[in-house]
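Each chain, written out:
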Amino acid sequence: MIAAAVLGTASTALAAGPAQATGESTLTADPLSTWQTDGIVWSLAYAKGIVYVGGRFDHIRPPGAAPGTGEVARENFAAFDAKTGQPLSCAPAFSGGTETIRAMKPSPDGSLLYIGGSFGKAGPVGRSNTAALNTADCTIDGDFKPTVSSTVRALDVTDDAVYLGGQFDTVQGQTRERVAALRPDGTLLPFKATIRGSSISNDPTPGVNALTVVPQLNKVIIGGRFTSVNGSVLTVHALAGLDATTGKVVNNFTGWIPQRSAVKALVNDGTNFYVGAEGTGGGVFDGRIAGRLSDGSQIWKDTCLGATQAVLPYKGVLYSGSHAHNCSDTPGGFTDIGNRQHFLAQSISDKTILPWFPDTNDGIGEQIGPRALTMADGILWAGGEFTTVNDAPQQGLTRFAAGPDTGAPQVPLMSGSSTSRGRVTLNWKASWDRDNGSLTYRIYRDGAYLTSLAKESRYWNRPDMSYTDTVEPGSQHRYSLEVTDGTNVSGRNGPVYVTARN
Ligand SMILES: [Ca+2]
């Protein structure tokens, strides 16, 4: 006999608006097998089929290798085949200074990789906190060798100019406070802006942490720790748009970044720009902003707590690395659940948090998980401080692709009872999946397929579900349940045996 379906009782609505409201699809949350580092990855870049990894580490080791095993020496710089993920022989050591790479960006044609950080030597040659690598033969470029007085933390490149941001005061012996531009041959350009002040009490040194160039608007957007640009004390805080030739302020973004907050990440996709921020203390801004390049207007801002270190737009989705622990005001988000979610995917059109929840641990260093993202031939590479990915050991690097989705949801426990004549009610709590918001629950009676129910769930919100079957009064039946994300199917639970009341 055919059972009448009675859909779930007392299911809880998800915390905030519908996920995938605008239908974006994400990558999978299943990490690809990836080499590891024995230290912190601060920067990632992609050019011509190669992913470049920079930071503060001494070795790389194979996927699955425990710390200290299978190590290959790589001093703060490594290169990998973007498709296979295998390490390449291109491996100039970056040493001296505080021995760290903090920013990398290829030239528009991919022939040069610009590298910034704190170092005195790049491969065999002396360099002053910045260098360029010829990607064709992995040699350190002989032309680009400016003297930069302190750490370089941000880089962007056009056909004619290399923009640097950081904590320096001089470049090529000329005053350039925190931002500068050079020709690819190393000639200092007149571009000049004076960046001063910091409202971060535990880190009072002003600095530019991030910058993105918009060649079609002849503009550079800079972000970091600062309270004035060119003396504009009251209107500029941590984010500004500059004329790319003169350094004159062209966008103030007044009120976008509150006190005690600093911009950590900036990127543009030719239409919009995206900001990631880190605050210290109460009332700060830790989230992401999407802005419009054409008029400098704000599209949206999320107020998640848990500082954002990297942002990356791809196919309508803004991927980010953070340690978000409270996104209660953001559609699709979560309240403070005692968890730190280290990767997020959001709809670029309306900031909805999409069901994509791969995760890392906090890891080493400042213990904030991921610090860098890059997209390489459709594969998202992430680097940072973490030592686990999706609860399995994996240090420094990981990768996510569009497919295949290989993670099956766990099947929940189910109970069954009969409280009225000929009726059997099954109860369970919804499962969850790292990259599918809606799961389908298939019920089997006496080994035969009976019916399916679909339900939205997240790891912090697993609604109670139930199904009532109609059977012959007094008959006994065997029920079991399986869950699918549409690709992968869990094992079947149970069975539970229930005798229908007479
Ligand atoms: Ca899945």
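Look up a bit, the structure's there.
Rules behind the numbers
- Residues numbered from 1 in each chain as written.
- Predicted model: local features only at pLDDT ≥ 70, side-chain atom pairs only at ≥ 80, totals over all residues.
- Heavy atoms only, no water.
- Helix = DSSP H or I, 4+ residues; strand = E, 2+ residues; numbered from the N terminus.
- Rg over C-alpha atoms; globule rule 2.2 N^0.38 Å.
- Buried < 20%, exposed > 50% of the residue type's maximum accessible area, 1.4 Å probe, protein only.
- Contact = heavy atoms within 4.5 Å.
- Pairing = 2+ DSSP bridges.
- Axes fitted to C-alpha atoms, helices over the stretch in contact; angles between N-to-C directions.
- Core = buried A, V, L, I, M, F, W, Y, C linked by side-chain atoms within 4.5 Å.
- Domains from an automatic or database assignment.
- Donors = N, O, S within 2.8 Å, 3.2 Å for Na, K, Ca; no water.
- Polar contact = N/O pair within 3.5 Å; in protein donor to acceptor, adjacent residues only side chain to side chain.

A. View of the overall build of the protein chain. For the protein chain, the helix and strand inventory stands at zero helices and 44 strands. In terms of overall dimensions, the protein chain is globule-like: its C-alpha atoms have a radius of gyration of 26 Å, near the 23 Å expected for 502 residues. Along the first, second and third principal axes, the C-alpha set of the protein chain runs to 95 × 50 × 40 Å. A burial count over the protein chain gives 57% of its 502 residues as buried. The long-range fraction of contacts in the protein chain, counting pairs at least 24 apart against all pairs at least 6 apart in sequence, stands at 52%.

B. Structural context of the sheet that holds strand β31 (residues 317–324). Spatial ordering of the open sheet is given by β30-β31-β32, a layout of three strands whose pairing is antiparallel. Every other strand in the sheet has two partners, leaving β30 (308–314) and β32 (341–347) as the edge strands with one partner each. This sheet shows a mean twist of 20° between the axes of neighbouring strands, independent of strand direction. In this structure, β30 lies alongside β31, joined through six bridges in antiparallel fashion. Along β31, the bridge assignment pairs A310 with G321.

C. Region of interest: the nonpolar core. In this structure, Y163, I195, L211, V220, I222, V229 and L242 are the most contacted members of the largest nonpolar core, which totals 21 residues. In terms of residue count, the dominant contributor to this core is strand β21 (residues 207–214) (three residues). Composition of this core by domain shows at least three residues from each of domain 1 (92–177) and domain 2 (193–357). Contacts of I222, omitting those with residues within four sequence positions, involve V179, I195, V208, A210, L211, V229, A238, L239, A240, L242 and L266.

D. Spatial organisation of the coordination of the calcium ion. Looking at the metal site, the calcium ion is ligated by D405 (OD), D405 (OD), D433 (OD), D433 (OD), D435 (OD), N436 (OD1) and D485 (OD), spaced 2.3 to 3.0 Å from it. In primary sequence terms, the donor set of the calcium ion follows D-x27-D-x1-D-N-x48-D. By the burial criterion, D433 is buried, and D435 matches it.

E. Summary view of unusual backbone geometry. For the bond running from G403 to P404, omega is -5°, close enough to zero to count as cis. In this structure, P404 sits in the loop between β37 (397–400) and β38 (414–420). For the bond running from G494 to P495, omega is 5°, close enough to zero to count as cis. Along the polypeptide, P495 turns up in the loop between β43 (476–484) and β44 (496–499). If you check the backbone angles, Q172 has positive phi at about 55° while not being a glycine. Its place among the elements puts Q172 in the loop between β17 (170–171) and β18 (174–175). For D377, which is not glycine, the phi dihedral falls at a positive 50°.

F. Examining the environment of S95 more closely. When you line up the elements, S95 lands in strand β8 (residues 94–95). Taking the C-alpha atoms as reference, S95 lies 5.3 Å from F119; in sequence the two are 24 residues apart. Aside from chain neighbours lying at most four places away, what touches S95 is E75, F119, G120 and K121.

G. Structural context of the side chain of D302. Relative to the elements of secondary structure, D302 occurs in the loop between β29 (298–301) and β30. For D302, a relative accessible area of 0% puts it in the buried group. One polar contact links the side chain of D302 to the main-chain amide nitrogen of C304, over a distance of 3.0 Å. If we ignore the near neighbours within four places in the chain, the residues touching D302 are F285, G287, R288, T330, Q346 and K351.

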